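Understanding the architecture of this molecule
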Amino acid sequence: MSLLSTGTDYAALAAHFRPLFARIAEGAVERERNRTLPHDALTWLKEAGFGTVRIPKEKGGWGASLPQLFQLLTELAEADSNLPQALRAHFAFVEDRLNQPDSAERDLWFRRFSDGELVGSGWTEIGAVKIGDVITRVTPTSNGWTLSGEKFYSTGTLFADWIDVYARRNDNQGDVIALVNTHQPGVTREDDWDGFGQRLTGSGTTRFDNAHVEQEHVFDFATRFRYQTAFYQHVLLATLAGIGRAVARDGAKAVATRNRIYSHSNGSTSREDVQVLQVIGEITSLAFAVEATVIRAAHSLQSAYEAHVSSDEARLVEVNALAEAEAGQAQVIASELVTRAATELFNALGASDTRISKTLDRHWRNARTVSSHNPVIYKARDIGGWKVNGTPPTGIWQIGRGTE
């Protein structure tokens, strides 16, 4: 039976990484202002063993629970919200390995991660791809597979050693996950993500031109861990929670050091103005509510993880549906409250704080961009259907052109 990662000493875990988070935060504004990809920050995280947080202690990791992982990602997102999203595919693939039976092949992946190797994402295709179709293909060869195709929204690939690619087999048309090594000429990665937020996540176009894939690195998609959609959403939720914390942090700091006031304000300094203090209090409360909601929802995800060893199918369906539903509810709350907090921030400040040099606008831009993933309107609809009619929330879904 597989070892389960059910939790560790969070105080010790966080204490190990917080000095690194502080170092990352010091350069966040400069990176944003100059659009400098966080290669150094990712290297620091790799060297500190951040990619092994979920791996069982007996296998060389920290053995953190899912609530602990997402709490840690929230702290990292407060420092720089690009980084948890850049690591989203990595932690998802680690999670998938955690859900597989103990084996020498699984231990090999764990050792790779202990050595600092990271996984990026290659799932979404744009252009003339219809819903249900997959243009990226893997073809069997005498010594493994070849992979050809093109992906966009390839989050984290610019920092990765491996890419988790959603593809279709040319021989039997089965949908698979192919783990392709980035250190080969058949893989081309471009930093052409041009969104107005989350600009440093290492996303963009990835092309595969007969890239080599080892025989054992192609997995049937049907074996993928069952709560994966909720898991991917939780990384975005932790990112939003961290942005909320950063808004409250930067708002409080700006008010505490602000000297300019209006003639009709309520004090001789901003820090003495009760209306300004009220705004900071409201922003801080919004951030607190989002973080509490995210951690609360992560407990149902942990239940789904721990249940994966069960043979009770009815129980598995129940816990996975709950994990998906609670992730959706948290998304509805976080998408609304964090963008609201990032807007309300400027009610406590002045026009001078809208200057590009301060980049305080990044909080709203980043929160709005993260909130645009996995449309929240459909999550709210799913929650209503689940609550009223008992309809399980949407688990696996695709995006592409319709029939028109």
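Residues numbered from 1 in each chain as written. Predicted model: local features only at pLDDT ≥ 70, side-chain atom pairs only at ≥ 80, totals over all residues. Heavy atoms only, no water.

Taking an unreviewed UniProt entry as the reference, the protein chain is identified by name as Dibenzothiophene monooxygenase belonging to Candidatus Pantoea formicae. In its Sequence similarities (unreviewed entry) section, UniProt records this for the protein chain: "Belongs to the DszC flavin monooxygenase family." The annotation that UniProt attaches to the protein chain under Subcellular location (unreviewed entry) is "Cytoplasm". (UniProt positions renumbered as here; feature names shortened; annotations may be inferred.)

A short note on the side chain of H363
Secondary-structure assignment places H363 in helix α11 (residues 361–371). Under the relative-accessibility criterion, H363 is labelled buried at 3%. Here H363 is in contact with I243, A246, V247, R249, D250 and A342, once residues within four sequence places are set aside. (Helix = DSSP H or I, 4+ residues; strand = E, 2+ residues; numbered from the N terminus. Buried < 20%, exposed > 50% of the residue type's maximum accessible area, 1.4 Å probe, protein only. Contact = heavy atoms within 4.5 Å.)

Regarding helix α10 (residues 313–344)
Helix length check: α10 (32 residues) gives 46 Å between terminal C-alpha atoms against 46 Å at 1.5 Å per residue, within 8%. The residue sitting at the N-terminus of α10 and contributing the capping side-chain oxygen is D312; that oxygen lies 3.2 Å from the backbone nitrogen of A314. (Expected span 1.5 Å × (residues − 1). Polar contact = N/O pair within 3.5 Å; in protein donor to acceptor, adjacent residues only side chain to side chain.)

Description of the pattern of salt bridges
In total, this model carries 31 salt bridges according to the counting rule given. A salt bridge links K59 to D107; the shortest N-O distance between them is 2.9 Å. Here K59 is found in the loop between α3 (39–47) and α4 (66–79), whereas its partner D107 is found in helix α7 (residues 104–114), with 48 residues between them in sequence. By relative accessible area, D107 is classed as partly exposed at 22%. Residues joined in a network through salt bridges with shared partners are E32, R199, D361 and R365. (Salt bridge = Lys/Arg side-chain N within 4 Å of Asp/Glu carboxyl O.)

Side note on the packing of aromatic side chains
Under the criterion given, the structure shown has 21 aromatic pairs. Look at W109 and W162: their rings are 5.0 Å apart centre to centre, the planes differ by 70°, and that puts the pair in the edge-to-face class. Taken together, the residues span a long stretch of sequence, with W109 in helix α7 and W162 in strand β4 (residues 162–169) at a distance of 53 residues. Using a relative accessible area of 0% as the deciding quantity, one classes W109 as buried. (Phe/Tyr/Trp six-rings, centres within 6.5 Å; stacked < 30°, edge-to-face > 60°.)

Some points on the environment of D192
Checked against the element boundaries, D192 lands in the loop between β6 (187–189) and β7 (206–213). Using a relative accessible area of 30% as the deciding quantity, one classes D192 as partly exposed. Along the primary structure D192 and F50 are separated by 142 residues, whereas in three dimensions their C-alpha atoms are 27 Å apart. If sequence neighbours within four positions are ignored, D192 has contacts with F152, S203, G204 and T205. Separated by 2.7 Å, the side chains of D192 and T205 make a polar contact.

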